[in-house]
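Listed below are the residues making up each chain.
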Amino acid sequence: MSASIRRRLSGKPRCELRDVGSLTKAQPQLDLVHVTSVGAMREIVQAEQVETRECAVFSNRKLVYFFLARPAYRLKDGDQKSDQINRFPSVLVIDPGRLGAPFHVYPFDTGAGVSGRYGDKADPFVYLEDYELDPSLQAAARHINWAFGSNRAYFDGDLRQGLESKIDPWKAVLKGFVTIAGLASSRHNDPDKRASAIEIAFDHHVTLKGNSKLIIIPKQYMENGKNKNHEFLRRLRKLRIRWETYDWQPNLEPDFFFEEIHEIVRKNFQARRKL
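Residues numbered from 1 in each chain as written. Predicted model: local features only at pLDDT ≥ 70, side-chain atom pairs only at ≥ 80, totals over all residues. Heavy atoms only, no water.

(A) Highlighting the nonpolar core. Of all hydrophobic cores here, the largest spans 89 residues; its most connected members are Leu 17, Leu 68, Tyr 131, Trp 146, Tyr 154, Phe 177 and Ile 200. Here the element with the most residues in this core is helix H6 (residues 172-181); it accounts for 7 residues. Beyond its immediate chain neighbours, meaning those up to four positions away, Leu 17 contacts Pro 107, Tyr 131, Leu 133, His 143, Trp 146, Val 173, Leu 174 and Phe 177. (Core = buried A, V, L, I, M, F, W, Y, C linked by side-chain atoms within 4.5 Å. Buried < 20%, exposed > 50% of the residue type's maximum accessible area, 1.4 Å probe, protein only. Helix = DSSP H or I, 4+ residues; strand = E, 2+ residues; numbered from the N terminus. Contact = heavy atoms within 4.5 Å.)

Below you can see the structure in the form of structure tokens.
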């Protein structure tokens, strides 16, 4: 059985998640992560910015999406083998310090929620807007403290032990979040990290220069034996973006490489004492 999280057609959103977060301290600020295909990343680097696109979930408003810290997004047809390197994942790590206030902040991937990717776990009487946090990075950092207790536990998707037992039965939004977020736990049989990855959207383009900390891309896109992708390397140096690579192989599924990418991001944050 698959159930989508519905949008509100009337009434006011319930602010349980916002309220409980406001009562706790904030964890140290994490960077943002944008996951896309290699082909799309080439266009982003050429344009020198991540550009907004129309979003079907939010009335075709033009938005650009990030997750807080986690490379949790999955590419279209990511479970299908391909020999085209352009179809494989690439990641940008962005410092949010100069981006201004987000358009919205949600405690999970909204696209996955409205498309029913969380199965029958979503409470049918809790609507998408009920889950929205305050549109600020501080709200995201406070949510991490309440729900996970630390940035490291958040990165792993592991909720505070016993969190649900401390929630009153009538707090349906809090219980609904905990149920969905449990799908991302490392203790789950088949964890879906989107289920508790904090989604942060902006309604403006995000420039790369001065904001980008790191790009992760296949090694074979940067070099092939003695040959190097000089044009792409030149653009990265111009934008002052550091890069790390994973070892791509053709005729594997793009999703296959996300575990390696996840560990590259983790080590990057640990080296900078973010986790």
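From this point on, the discussion continues.
(B) Quick look at the pairing of strand S9 (residues 212-218). Among the 7 residues of S9, 6 are classified as buried, and the element is accordingly described as predominantly covered. Direction of pairing for strand S5 (residues 89-94) relative to S9: antiparallel, over a ladder of 4 bridges. By the bridge assignment, Leu 92 is partnered in S9 with Ile 215. Of the strand pairs in this sheet, S9 and strand S12 (residues 242-246) are connected by 5 bridges, and their pairing is parallel. (Pairing = 2+ DSSP bridges.)

(C) Region of interest: the packing of helix H4 (residues 137-147) against H6. Following both chains from N to C, one finds H4 and H6 inclined at 80°, their axes separated by 13 Å at the closest point. Between H4 and H6, the angle is such that the two are roughly perpendicular. Counted together, His 143, Trp 146 and Ala 147 of H4 and Leu 174, Phe 177 and Val 178 of H6 form the full contact between these two elements. Among the residues forming the contact of H4 with H6, the class breakdown is 5 nonpolar, 1 polar and no charged. (Axes fitted to C-alpha atoms, helices over the stretch in contact; angles between N-to-C directions. Parallel < 35°, antiparallel > 145°, perpendicular 65-115°, else oblique. Nonpolar A, V, L, I, M, F, W, Y, C, P; charged D, E, K, R; others polar.)

(D) Molecular detail of the pairing of strand S1 (residues 32-37). Where burial is concerned, most of S1 is hidden: 6 out of the 6 residues are buried. Relative to strand S4 (residues 61-68), S1 runs antiparallel, the two being bridged by 2 bridges. Looking across to S4, one finds that Val 33 is bridged to Phe 67. For S1 and S5, the ladder comprises 6 bridges, and the chain directions are antiparallel. Bridge pairing in S5 places Ser 37 opposite Pro 89.

Interpretation in functional terms is not warranted from these geometric data alone.
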